[in-house]
Amino acid sequence: NVRIDHGNGVQTSYYHAETVWVQSGQSVSAGQEIMYMGSTGNSTGTHLHLGLKLDGVFIDPSSYIPY
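About the cut-offs
Residues numbered from 1 in each chain as written. Predicted model: local features only at pLDDT ≥ 70, side-chain atom pairs only at ≥ 80, totals over all residues. Heavy atoms only, no water. Pairing = 2+ DSSP bridges. Helix = DSSP H or I, 4+ residues; strand = E, 2+ residues; numbered from the N terminus. Axes fitted to C-alpha atoms, helices over the stretch in contact; angles between N-to-C directions. Buried < 20%, exposed > 50% of the residue type's maximum accessible area, 1.4 Å probe, protein only. Polar contact = N/O pair within 3.5 Å; in protein donor to acceptor, adjacent residues only side chain to side chain. Phe/Tyr/Trp six-rings, centres within 6.5 Å; stacked < 30°, edge-to-face > 60°.

Draft legend 1. The pairing of strand β1 (residues 2-7), seen in detail. Relative to strand β2 (residues 10-15), β1 runs antiparallel, the two being bridged by five bridges. Across the sheet, Ile4 pairs through a bridge with Thr12, a residue of β2. The hairpin formed by β1 and β2 contains two residues between the paired strands, and Asn8 there has a positive phi angle of roughly 55 degrees.

Okay, here's the thing in structure tokens:
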């Protein structure tokens, strides 16, 4: 799992990584690869589980991420 603190109460979390390429406490940049998706834990196939928290509360990320 990877968790990024973006400041201003915003945190993103990424789950089910096969390989993680960043270390705890490391700064990351926009567009930087942080992990390789996998199927770890309670999973039925390779995918990315994205969590978005605002002030400690999980919120739906779909209205913040263009696709």
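Draft legend 2. Highlighting the sheet that holds strand β5 (residues 49-54). One open sheet accounts for four strands, arranged β1-β2-β5-β6; its pairing is antiparallel. Since the sheet does not close on itself, it has two edges, and those belong to β1 and β6 (57-59), each with one partner. Adjacent strand axes in the sheet meet at a mean angle of 30 degrees, parallel and antiparallel pairs treated alike. Both β5 and β6 contribute to a ladder of three bridges, which runs antiparallel. Within the sheet, the bridge partner assigned to Lys53 lies in β6 and is Phe58.

Draft legend 3. The arrangement of the side chain of Ser43 in detail. Relative to the assigned elements, Ser43 resides in the loop between β4 (35-37) and β5. On the accessibility criterion, Ser43 (19% relative accessible area) is buried. Separated by 2.9 Å, the side chain of Ser43 and the backbone oxygen of Gly45 make a polar contact. Here the side chain of Ser43 touches His47 through a polar contact of 3.4 Å, side chain to side chain.

Draft legend 4. The arrangement of the packing of aromatic side chains in detail. Applying the stated criterion across every chain, the model contains one aromatic pair. Their ring planes at 55 degrees and their centres at 6.3 Å tell us that Trp21 and Tyr36 sit as a pair that is tilted. Taken together, the residues Trp21 in the loop between β3 (17-20) and β4 and Tyr36 in strand β4 connect sequence positions 15 residues apart. A relative accessible area of 43% places Trp21 in the partly exposed class. Here Tyr36 falls in the partly exposed class, since its relative accessible area comes to 47%.

Any functional reading would require information that these geometric values do not contain.
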